[in-house]
Amino acid sequence: YDWANSAFATSVLVAFFPVFFARYWGSDLSGQDSTFWLGIGSSVASLLVALLSPMLGAVADRGGLKKRLLAVMTALGVAGTAALCWIGPGAWGWAMTAFVIAQVGFALGISFYDALIVDVCEPAQRHRVSALGYALGYLGGGLLLVVHVVMTLKPAWFGLPDATAAVRGAFGSVALWWVLFSLPLFRHVRESRPPVSVPVTQAALGALRQLAKTLRRLRQYPDVVTFLIAYWLYIDGVHTIARMAVDYGAKLGFDTNALIQALVITQFVGFPATLLMARLAGRVGTRPALFVSIAIYIAVTVWGFF
């Protein structure tokens, strides 16, 4: 599934949508306005995910619905991505709406997909299996991104009239890729059922009560509060960089092709790096390995600044 949905993250979320939004759908907007609305769209999607995740997660646990909800979110993400193929020039509002829908499906789907790790491997294997999933995501997303880059540079090779048609075709191929490579999970992964499975409506009501109870008791678990705050700050920074990097770089005057080439390189560096960090985590522990990765990121960022 990482191989499937990472195509959306690389080709749509990070690479082509920000550029295409500014130059095609939002061509009547100023550069500042297009960046503003790109940020607003990403923020709205993040807010919806933040509001829906706790309740839907509890529903999935109580009702044994992780695979079903993953299927719903996959369909939502695929539909939003496919819709981008058909939205015409200047219709930036519709394009942003489809983009938000696709982002919500993508992000919520990941939470249910991650939750399935307890059903596919033993606790001692989770570092390795999780890292392998991430690594395959980098590889799969990178390979399709290479195809899309070639499509935009040489559209005639693919029977396309121009780069605009190539980008729209890239959105369609991402939707198809996402569906195709999701099928093995839905066909072969068996989800463990809770001791007592309850109907969806009952599960939803129970989930709301459980969520309220959890929030009331949160003060009793300071480590959980610390973890949630740290994760929120960390992952929101990562997501902001990923979503805004190409648009921000283009507005600073960097060549768009160079930015996308850098993104391609990142995918193929990420593949072995993820496996290496998983091995390190297995030897020294998760927290030290995380500190190493953050230290590397900070060092490279500071070096780039100077």
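Cut-off values and rules
Residues numbered from 1 in each chain as written. Predicted model: local features only at pLDDT ≥ 70, side-chain atom pairs only at ≥ 80, totals over all residues. Heavy atoms only, no water. Phe/Tyr/Trp six-rings, centres within 6.5 Å; stacked < 30°, edge-to-face > 60°. Helix = DSSP H or I, 4+ residues; strand = E, 2+ residues; numbered from the N terminus. Core = buried A, V, L, I, M, F, W, Y, C linked by side-chain atoms within 4.5 Å. Buried < 20%, exposed > 50% of the residue type's maximum accessible area, 1.4 Å probe, protein only. Salt bridge = Lys/Arg side-chain N within 4 Å of Asp/Glu carboxyl O.

Caption draft 1: Spotlight on the packing of aromatic side chains. Evaluated as defined, the whole model comprises 20 aromatic pairs. Here the aromatic rings of Phe8 and Trp178 are separated by 5.4 Å at their centres, their planes lie at 35°, and the arrangement is tilted. With Phe8 in helix H1 (residues 2-25) and Trp178 in helix H7 (residues 163-188), this pair connects stretches of sequence that are 170 residues apart. Considering the side-chain rings of Trp177 and Phe181, the 4.8 Å spacing of their centres and the 55° angle between planes classify their relative orientation as tilted. Of the two residues, Trp177 and Phe181 are both situated in helix H7; the distance of 4 residues between them amounts to about one turn of the helix. Ring pairs connect the aromatic residues Phe17, Phe20, Phe21, Tyr24, Trp25, Phe36, Trp37, Trp92, Phe99 and Phe171, which therefore count as one cluster.

Caption draft 2: View of the nonpolar core. Phe8, Val12, Phe16, Phe17, Trp25, Leu84 and Phe171 are the most contacted members of the largest nonpolar core, which has 60 residues in total. Going through the elements one at a time, H1, helix H2 (31-63), helix H3 (66-83), helix H4 (92-115), helix H6 (126-153), H7, helix H9 (222-251) and helix H10 (256-284) are the ones with two or more residues in this core. The element contributing the most residues to this core is H1, with 15 residues.

Caption draft 3: Region of the structure containing the pattern of salt bridges. Under the defined criterion, the tally for this structure stands at 2 salt bridges. Among the ionic pairs, Lys66 bridges to Asp119, the shortest N-O distance being 3.2 Å. Separated by 53 residues along the polypeptide, Lys66 in helix H3 and Asp119 in helix H5 (residues 117-120) bring together distant segments of the chain. Two residues, Asp247 and Lys251, come together in a salt bridge whose shortest N-O distance is 2.9 Å. Here Asp247 and its partner Lys251 are both found in helix H9, 4 residues apart, which amounts to about one turn of the helix. Given the relative accessible area of 4%, Asp247 is considered buried. Residue classification places Lys251 among the partly exposed residues on the basis of a relative accessible area of 37%.

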